[in-house]
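Descriptive structure summary
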Amino acid sequence: MKNAEHYGVDPANITVCGDSAGGNLAAAVSQTLAGRSDLPRLRAQVLIYPGLQALDFNLPSYHQNQGVPPLFQERVVFCMLQYLDGNASNLEEVLEGSHIPPDMRLKYRKWVSPDHIPQKFKTRGYKPHKPHEFKAEFFEKAERFCEPNLCPLLAEDAVIQQLPQSFILTCKYDVLRDDGLLYKRRLEDNGVPVTWYHLEDGFHGIISLYDYCGLSFPSGKRGLDRIVKFIKGL
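Since this is a predicted model, take the numbers as computed values, not measurements.

The subject of this paragraph is the packing of aromatic side chains. Throughout the structure, instances matching the rule amount to 6 aromatic pairs. When the ring of Tyr-108 is compared with that of Trp-111, the centres are 6.0 Å apart and the planes differ by 40°; the resulting orientation is tilted. The buried category is assigned to Tyr-108, whose relative accessible area is 7%. Taking the relative accessible area as the measure of exposure, Trp-111 reaches 7% and is therefore buried. Between Phe-203 and Phe-217, the aromatic rings sit 5.2 Å apart at their centres with planes inclined by 90°, giving edge-to-face as the arrangement. On the criterion of sequence distance, the pair formed by Phe-203 in strand E4 (residues 194–203) and Phe-217 in the loop between E4 and helix H9 (218–232) is long-range, its members being 14 residues apart. By relative accessible area, which is 29% here, Phe-217 ends up partly exposed.

Here is the structure:
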C-alpha cells in the first residue's frame, strides 16, 4: 500500500475482498489496517459469505444447513481446527460447544447469539442448542478462537468503528449465513455504512461457480452483479 502509486494504483481507492475463508481474511486485514496511520485508509471491504467466528457452530444457519453442500457444518469445524494446529481430533467437542468457557460465552453473547438473528431467519427447522459442559483441557488449544485476527466478529467496538464502507453478501442455504448477519449488525451499530445483499436461493460458493466449466446459476449472476455495482459506485 505504501508503494501503490508506483504501480499505478490510487491509494485512496483500495478495496479488500474475499469469499468464505477469504472473507475472514479480508475482514481481519481491514481491522488490522483500521488503526494504521502510516498507511492509506481502505476505501471499502467486500465480504462474500464470510466465516467470522468460532464460538458457536450451532447458530440457526448451522442447524438449518448442516448437510447442505458444498460446505457442511462439520467441514467448517474441521477446517478451523486444521488451521489452528493441523489436529481435528476435538471436532465433536467444538460441535457440542464444549470448547468455550461459560464466562467467555457470556462475555461475547452481546455479539454472537441466536438472539441477534432476525426471526424470519429462524423459522426453518431451527431448535435452540444448549452447549455441553465446558472441557477446560481443550481450551488451551481453542483459546485462539476468541482472537479477532481469527474471528473478526469479536473485535472491540473501537476497532469496528474505524472500518471502511462495507458490502456483505449472504446466502439462505449456507452455514455461514448468520456470521454475515451478525457482522452486518455490528457494523451498523457502530455507524459503518453497510450494503447487504442476500440470495434467497443461494448457497455457499455460488459466486465462484458463475460460468465455471459451463456451470452457472442465475442467483450467482445476481450476486456478482451486485458486487460489481457496489465497487463501481465507490
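This is not the end of the story, as more comes after the structure.
On to the sheet that holds strand E1 (residues 15–19), then. The parallel open sheet is built from 4 strands, whose spatial order is E1-E2-E3-E4. This sheet does not close on itself; its edge strands, each paired only once, are E1 and E4. Across the sheet, the mean angle from the axis of one strand to that of its neighbour is 10°, orientation sign disregarded. Direction of pairing for strand E3 (residues 165–173) relative to E4: parallel, over a ladder of 7 bridges. Of the residues in E4, the one forming a bridge with Tyr-173 is Phe-203. Here H9 sits on the sheet and contacts strand E2 (44–48), E3 and E4; the angle it forms with E4, its principal contact strand, is near 170°.

Cut-offs applied
Residues numbered from 1 in each chain as written. Predicted model: local features only at pLDDT ≥ 70, side-chain atom pairs only at ≥ 80, totals over all residues. Heavy atoms only, no water. Phe/Tyr/Trp six-rings, centres within 6.5 Å; stacked < 30°, edge-to-face > 60°. Buried < 20%, exposed > 50% of the residue type's maximum accessible area, 1.4 Å probe, protein only. Helix = DSSP H or I, 4+ residues; strand = E, 2+ residues; numbered from the N terminus. Pairing = 2+ DSSP bridges. Axes fitted to C-alpha atoms, helices over the stretch in contact; angles between N-to-C directions. Contact = heavy atoms within 4.5 Å.

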